[in-house]
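Residue-level structure breakdown
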Amino acid sequence: MNLNFLKNKTILITGGTGSIGSALVYQLIKTKCKVIRVMSNDENGLYELSRKLNLSLLNFNNFYEDMSKNRIRFFLGDIRDIKRCDEVTKNVDIVIHAAALKHVSIVEYNPREAYQTNILGTKNLIKSSIKNKVSKFLFISTDKVVSPTNIMGKTKLRAERIISNKKKFFGNSKIKMSCIRFGNVLGSRGSVIPNFIYLLKDKKDITVTDPKMARFVMTLNDAVNSVFKSISLMNGQEIFISKSMKCFKIYDLALVLRNYFIKTNKKKSKIIISKKTLGEKYEEELYTKKEIPFIQIKNNLFIISNKKIAQNQKQINLLNKYRVSNYNFVKKNEILKLLKRNKIIH
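The text that follows walks through the structure, step by step, so that each part is easy to find. Every residue gets a number counted from 1 within its own chain, in the order that chain's sequence is written. Where local features are concerned, this predicted model is filtered to residues with pLDDT of at least 70; where side-chain atom pairs are given and counted, the filter is 80 or more; whole-chain, interface and lining totals use all residues. For the side-chain quantities, the full set of heavy atoms in the structure was used; hydrogens and water were omitted.

Once that is clear, we can look at unusual backbone geometry. Its identity is not glycine, yet serine 147 carries a phi of approximately 50°, on the positive side. Under the scheme applied here, a residue whose accessible area is under 20% of the maximum for its type counts as buried, over 50% as exposed, and between as partly exposed, the area being computed with a 1.4 Å probe on protein chains only. Residue serine 147 is classed as partly exposed on the basis of its relative accessible area of 37%. Located in the positive-phi region is asparagine 328, a residue other than glycine, with phi close to 40°. Runs of E in the DSSP output that reach at least two residues are strands. Runs of H or I that reach at least four are helices, and both are numbered from the N terminus. Looking at where asparagine 328 falls in the secondary structure, it is placed in the loop between helix H12 (313-322) and helix H13 (332-341).

Encoded structure:
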């Protein structure tokens, strides 16, 4: 993808030490952007990212020099802190907002913290971006906002609605604000795949809540490319969704990984079927039925706008088909190839 539109731009990534944030950093370093600002409240994450980028950590002078040379800055801070948001957004052109509390069970047990980060933190960052005349703001959302059944999905949906109703919340600001919804990103931190791999390497059994559970899955590379495509296309108030996501049955994924590790483990791990947990759905949705009339397909993205789109019956049928994670399930041999191709297993 041509990323010339990022030339001479200062870009802030919140949650920049997470799986998606750090993948964006690795890609941005290859572009001609002016500066990459990485914001995270994870000090060790910033340290690990700087180490992976081969920045000298021996002393401050060397570290500062390497940051300048690599056009990158590391900001330790939290989006809950409005003053810190003011500081990190100063002279920024584009904000990619990936910071969030997103682990469903932990968030369910800590709802107030999710509200503070996912809603109030997002508001803080938007206010600071408007104050500092940021031109584009892209919020990274999730398919769990569609008919949400858990706190994580509900708080992310509230944040989406704040962005979609910019004028109501923030008046006539010139900033362009949009969202992008992700499915499950293959191998991302805290997702089911690293958890399965950790247990299987340790010769332990793995648990699947129900054989019927199915999810939308995308590669990290697809997630990153979708972010850049969305930034290049956005006019404000759109919701972008990658059209290239695939559907996995979680049980098939568990079988593939268990069979793969049988070759190296003397003990044959079992797959235990438990039961559907609080806030868990059998299938995920990319968009609601009510959103379908507002969707156009462009550059391999579904783009939801606030205006109805002229659609023929073929397009409507396609949008209905892609809406729910219950079609064209990836076969087990293809799951294995995909995991190997993305270096999740070797």
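Our focus in this paragraph is the sheet that holds strand E3 (residues 72-76). By definition, two strands form a pair when at least two bridges between them are found by DSSP. Taking strand neighbours across the sheet as the criterion, the nine strands line up as E3-E2-E1-E4-E5-E6-E10-E14-E13 in an open arrangement whose pairing is mixed. Looking at which strands have only one partner, the edges of the open sheet turn out to be E3 and strand E13 (295-298). The average angle at which neighbouring strand axes cross in this sheet is 20°, direction not considered. By the bridge criterion, four bridges tie E13 to strand E14 (residues 301-304) in an arrangement that is antiparallel. Of the residues in E14, the one forming a bridge with isoleucine 295 is isoleucine 304. Note on contacts: a residue pair is in contact if any heavy atoms of the two residues lie within 4.5 Å. Comment: axis = line fitted to C-alpha atoms, over the contacting stretch for helices; angle = value between 0 and 180 degrees taken between N-to-C directions. Strands in contact with helix H10 (residues 220-233) are strand E4 (94-97), strand E5 (136-142), strand E6 (176-182), strand E10 (239-242), E13 and E14; relative to E5, the strand with the most contacts, it is inclined by about 140°.

With that out of the way, let us pick up the layout of surface pockets. Cavities and pockets are defined on a 1 Å grid built over the protein atoms alone: a cavity is a set of grid points where a 1.4 Å probe fits but cannot escape, while a pocket is an open set with protein on both sides within 12 Å along at least five of seven lines, and lining residues are those with an atom within 4 Å of any such point. Grid points are joined across faces, edges and corners, and a volume is the space filled by probe spheres set on the points. Volume-wise, the second largest pocket comes out at about 500 Å³. Within the residue set of the lining of the second largest pocket, elements represented by two or more residues are helix H1 (19-28), helix H2 (43-52) and H10. With five residues, the top contributor of residues to the lining of the second largest pocket is H2. When residues are sorted by character, Ala, Val, Leu, Ile, Met, Phe, Trp, Tyr, Cys and Pro go into the nonpolar class, Asp, Glu, Lys and Arg into the charged class, and all the rest, Gly among them, into the polar class. Partitioning the lining of the second largest pocket into residue classes produces six nonpolar, eleven polar and four charged.

Attention now goes to the environment of lysine 343. As for its placement among the helices and strands, lysine 343 is situated in the segment after H13. Along the primary structure lysine 343 and leucine 53 are separated by 290 residues, whereas in three dimensions their C-alpha atoms are 19 Å apart.

Between the rings of Phe, Tyr and Trp (Trp by its six-membered ring), a pair exists once the centres lie within 6.5 Å; its type follows the angle of the planes, with under 30 degrees stacked, over 60 edge-to-face, and the other angles tilted. Summed over all chains, the structure comprises seven aromatic pairs. Each ring, one from phenylalanine 169 and one from phenylalanine 170, has its centre 6.3 Å from the other, and the planes form 45°; the classification is tilted. Owing to a relative accessible area of 37%, phenylalanine 169 belongs among the partly exposed residues under this scheme. Taken together, a centroid distance of 5.2 Å and an interplanar angle of 90° make the contact between tyrosine 260 and phenylalanine 261 edge-to-face. Here the two residues tyrosine 260 and phenylalanine 261 agree in accessibility, since each one is buried.

A few words now on the sheet that holds strand E7 (residues 184-185). The strand order across the open sheet formed by three strands is E7-E9-E11, and the pairing between neighbours is mixed. A single partner strand is all that each edge strand has here, and the edge strands are E7 and strand E11 (246-249). Relative to strand E9 (residues 214-218), E7 runs parallel, the two being bridged by two bridges. Residue pairing for E9: asparagine 184 is matched across the bridge by valine 217.

Mapped onto the elements of the fold, leucine 24 is located in helix H1. The buried category is assigned to leucine 24, whose relative accessible area is 0%. Placed 68 residues apart in sequence, leucine 24 and valine 92 show a C-alpha to C-alpha distance of 16 Å. With sequence-adjacent residues up to four places away left out, leucine 24 is seen in contact with Ile13, Ile96, Val224, Val227 and Phe228.

Looking now at H1. Summarising burial for H1: eight of the ten residues are buried, a large majority. Turning to H1, its buried residues are Ser19, Ile20, Gly21, Ser22, Ala23, Leu24, Val25 and Leu28.

Along the chain, the position of aspartate 81 falls in the loop between E3 and helix H4 (82-89). Owing to a relative accessible area of 36%, aspartate 81 belongs among the partly exposed residues under this scheme. Spatially, the C-alpha atom of aspartate 81 lies 9.9 Å from that of threonine 117, the residues being 36 residues apart in sequence. Counting of polar contacts relies on pairs of N or O atoms within 3.5 Å, with two restrictions inside protein: one atom must be capable of donating a hydrogen and the other of accepting it, and residues adjacent in sequence are counted only when both atoms are side-chain atoms. At 3.1 Å, the side chain of aspartate 81 and the backbone nitrogen of lysine 83 are in polar contact.

Okay, the side chain of lysine 281 next. The topology assignment puts lysine 281 in the loop between strand E12 (271-273) and E13. A residue is classified by how much of its surface remains accessible, and lysine 281, at 14% relative accessible area, is buried. For lysine 281, the side chain forms a polar contact with the side chain of glutamate 285, separated by 3.5 Å.

Attention shifts here to the pattern of salt bridges. A pair is scored as a salt bridge if a Lys or Arg side-chain nitrogen falls within 4 Å of a carboxyl oxygen belonging to Asp or Glu. With the rule as written, the count across this model stands at 18 salt bridges. Between glutamate 48 and arginine 51 there is a salt bridge, with the nearest N and O atoms lying 2.4 Å from each other. Note that glutamate 48 and arginine 51 are positioned in helix H2 at a spacing of three residues, about one turn of the helix. Residue class for glutamate 48 comes out partly exposed when judged on its relative accessible area of 26%. Since its relative accessible area comes to 42%, arginine 51 is described here as partly exposed.

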